[in-house]
Amino acid sequence: MDAIKIRGLEVKACHGVYGFEKENAQKFVFDAEIVVDFADAERSDSVDDTVSYADVCSLIVNCATENKFNLLEKLAGECANRIFEKFERVKKVSLSCYKPDAPMDFKFKTVGVRTEKERVRAYLSLGSSEGNRQENLKTAIALLNGVRGVRVEKVSSVIETLPYGGAAKNKFLNCAVCVSTFISPHTLLNEIHKIEASLGRVRTVRWGDRTIDIDIIFYGSQKICDDRLIIPHPDYKNRDFVLIPLKEICQNIPDIS
């Protein structure tokens, strides 16, 4: 796996939960490992075909010095987000942030945090059976594309289907979208719930009519099963309204069920 590595990048900045930490600059130290495919750079020998570590260093320094955060977690996460946003070639970021002079009454060399983020493709299923169904789908897709860390890459055709589950009375319009994202599956779910709420989704009757419904079908090759989220979606293989649009934009449906 190709990777660019940065070790021991020192920055003077103002971050911490105490007021004096936001007034007096302290030393922060960053390590970063950035996964990038070197194939193009190997052929061309041009910095334009890779990610410049000087540019990454500049980005981290600017992020650290232009902001004043309470937590190292926030600082590290924001630096990682900016790396993804600036460099489309980046597939994965592992970033550590250390604070060797943290104000604690203990003897220690340093304290810090580490964050890992990966750019993946996620596949979502959308449906609407209330209001202006076509407009609901269109607006939901636009809102998804506006979420930081999410970019809509493909959108399927829209199909009309009979209601599923026995509770809804109206026909649905359904489609599927492929997004590129570096936010976590649970963060993506939170953003989806915000979009659904903004479009008037009310969760009352299971499988009832709704203005918009957005389900995460796949998130890269990850498997998740907890009280909030199951990926792959547990019933996608039995739902033509999911499979028909999905097959249009995903020729090789991941075999991770």
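Just above, that's the structure.
A few points on the structure. Owing to the predicted nature of the structure, the values given are computational and were not obtained by experimental measurement. (Residues numbered from 1 in each chain as written. Predicted model: local features only at pLDDT ≥ 70, side-chain atom pairs only at ≥ 80, totals over all residues. Heavy atoms only, no water.)

**Some thoughts on the nonpolar core**
With 31 residues, the main nonpolar core has F30, I83, V90 and L95 as its most contacted residues. At 7 residues, helix α3 (residues 72-86) tops the list of elements feeding residues into this core. Counting residues in hydrophobic clusters, the runner-up holds 28 residues, among them A140, V179, I192 and Y219. (Core = buried A, V, L, I, M, F, W, Y, C linked by side-chain atoms within 4.5 Å. Buried < 20%, exposed > 50% of the residue type's maximum accessible area, 1.4 Å probe, protein only. Helix = DSSP H or I, 4+ residues; strand = E, 2+ residues; numbered from the N terminus.)

**A closer look at the sheet that holds strand β4 (residues 112-118)**
Taken together, the 4 strands give an open sheet; going across it, the order is β1-β2-β3-β4, and neighbouring strands pair in antiparallel fashion. Bordering the open sheet on either side are β1 (3-13) and β4, each of which pairs with just one other strand. For this sheet the average axis-to-axis angle between neighbouring strands, irrespective of direction, equals 15°. Pairing of β1 with strand β2 (residues 26-35) involves 9 bridges; the strand directions are antiparallel. Among the inter-strand pairings, I6 is bridged to a residue of β2, identified as A32. Those strands touched by helix α2 (residues 53-66) are β1, β2 and β3 (92-98), and its axis lies near 30° from that of β1. Strands β2, β3 and β4 of the sheet are contacted by α3, whose axis makes an angle of about 30° with β4. (Pairing = 2+ DSSP bridges. Axes fitted to C-alpha atoms, helices over the stretch in contact; angles between N-to-C directions. Contact = heavy atoms within 4.5 Å.)

**Side note on the packing of aromatic side chains**
For the structure on display, the rule yields 3 aromatic pairs. Centre to centre, the rings of Y18 and F20 are 5.7 Å apart; their planes meet at 5°, and the pair counts as stacked. Pairing F84 with F182 gives two aromatic rings, centres 4.7 Å apart and planes at 10°, and the pair type is stacked. Taken together, the residues span a long stretch of sequence, with F84 in helix α3 and F182 in the loop between β8 (172-181) and α5 (185-198) at a distance of 98 residues. Considered together, F84 and F182 belong to a single accessibility category, that of buried residues. (Phe/Tyr/Trp six-rings, centres within 6.5 Å; stacked < 30°, edge-to-face > 60°.)

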